[in-house]
Amino acid sequence: MEVGEVAEKNFLRPIDNTSVVQQVIDRLTYAMIYKELRPGDKLPTEMELASIFGVGRNSIREAIKILVSFGVLDIRRPEGTFVANGFSDKMINPLLYGIILDQSDSLDSLKELREWIDFGILELAMVKAESDDLFHLEEQLNKLLTEIDGGDVEKVFIADDNFHEAISTAAHNSLLGQIARLVRTLTSEIRMKTIANMMNYGKRDELKRAHEDLFKVVKYKNDDQARQMLVEGYFYRYNSLRK
């Protein structure tokens, strides 16, 4: 994409002086959303962007620094600044901190979010799982069952996380998988307490059965059972959200 070509686009035009850095971020973001800038495109230089937007180079530099920290832009010296190619874990961070700092009843919201994300992934996995995915998922299930028998809560927690990651992999949707990973991170303390409760209060067989049933849903594409299992499953009945 040539500089002259970029300058003619709708979003890359002069802006006013109100919240200049944020407006530069917004303009570049919208330019990416509407494909004026695409993954892998090289941005104009700071001087050229300052001229296009009609703002100072310091504002351009600060906006680029923020977008780099979000994983949206890459600085490759000496070539220049480029729109990132592909998804980066850094892109999740602003959403993560936004949820952490939310003052509303975020625990209940997280419960609902996890339910919908888990169900969406499960539906996709039922449709898109391949033989290799099922083999890997069963392998993770067997490791989880072994850890449950072993009785170490932390090891069970890790094996549980790996099992659910295998379901996400079987869904073959990288964006949804990233969001699922974020939700698991946000609910890690709750999930640890859930597993500890079940391990310590005679619910090990139920914990095993819940995961075995999830595996069967993916393997045999049992859509009728999927949502009921998630809503009535161990996470929603034994976690600390209700306390």
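Above this text is the structure in question.
First, a word on what this report is: a plain description of the structure on this page. As the structure is a prediction and not an experimental result, all values here were calculated from the model.

### Some details on the environment of I195
Along the chain, the position of I195 falls in helix α10 (residues 188-200). Separated by 41 residues in sequence, I195 and E154 place their C-alpha atoms 8.9 Å apart. Here I195 is in contact with V153, V156, F157, D160 and L207, once residues within four sequence places are set aside.

### Observations regarding helix α11 (residues 204-220)
For α11, built from 17 residues, the straight-helix expectation of 24 Å at 1.5 Å per residue is met to within 8% by its first-to-last C-alpha distance of 24 Å. Listing the buried residues of α11 in full gives E206, L207, K208, A210, H211, L214, F215, V217 and V218. At the C-terminal side of α11, K221 shows a positive phi close to 55°.

### Some details on the packing of aromatic side chains
Aromatic ring pairs are reported here in terms of the distance separating the ring centres and the angle at which the planes meet. Inspection of every chain in the model, using the stated rule, returns one aromatic pair. Sitting over the face of the ring of F82, R76 holds its NZ or CZ atom 3.9 Å from the ring centroid.

### Side note on a nonpolar patch on the surface
A cluster of nonpolar side chains, contributed by Y30, I33 and Y34, occupies part of the molecular surface with about 340 Å² of accessible area. Take Y30: its relative accessible area is 41%, and that puts it in the partly exposed class.

### What about unusual backbone geometry?
Most peptide bonds take the trans configuration, and most residues that are not glycine carry a negative phi. Look at the link from R77 to P78: it is a cis peptide, with omega at 5°. Relative to the assigned elements, P78 resides in the loop between β1 (73-76) and β2 (80-83). The backbone of K35 sits at a positive phi, close to 65°, despite the residue not being glycine. One can find K35 in the loop between α2 (20-33) and α3 (46-53). Here K35 falls in the partly exposed class, since its relative accessible area comes to 47%. With phi around 50°, H172 is a residue other than glycine that occupies positive phi space. Its place among the elements puts H172 in the loop between α8 (153-171) and α9 (174-186).

Conventions we followed
- All residue numbers here refer to positions counted from 1 along the written sequence of the relevant chain.
- Totals for whole chains, interfaces and linings use all residues, but because this is a predicted model, local features are given only for residues with pLDDT of at least 70 and pairs of side-chain atoms are given and counted only at 80 or more.
- Each side-chain value is worked out from all heavy atoms of the structure, with water and hydrogens disregarded.
- In this text, helices come from DSSP runs of H or I with a minimum length of four residues, and strands from runs of E with a minimum of two, each type numbered from the N-terminal end.
- Throughout, a contact is declared for two residues whenever any of their heavy atoms are within 4.5 Å.
- For a helix, the expected span equals 1.5 Å multiplied by the residue count minus one.
- Relative accessibility thresholds used throughout: buried, under 20% of the residue-type maximum; exposed, over 50%; partly exposed, between the two (1.4 Å probe, protein chains only).
- By convention, a stacked pair of Phe, Tyr or Trp rings (six-membered ring in the case of Trp) has centres within 6.5 Å and planes under 30 degrees apart, an edge-to-face pair has planes over 60 apart, and any other such pair is tilted.
- Two conditions define a charge located above a ring, namely a distance within 6 Å from the ring centre to NZ of Lys or CZ of Arg, and an angle within 35 degrees of the ring normal.
- Candidates for patches are residues over 30% relative accessible area with no salt bridge; among them, like charges are joined within 9 Å and nonpolar side chains (Val, Leu, Ile, Met, Phe, Trp, Tyr) within 5 Å.
- Accessible surface area values rest on a Shrake-Rupley calculation with a 1.4 Å probe, where residue burial reflects the displayed protein chains alone.
- Every case where a carboxyl oxygen of Asp or Glu lies within 4 Å of a side-chain nitrogen of Lys or Arg is listed as a salt bridge.

Function cannot be inferred from these measures alone, as they are strictly geometric.
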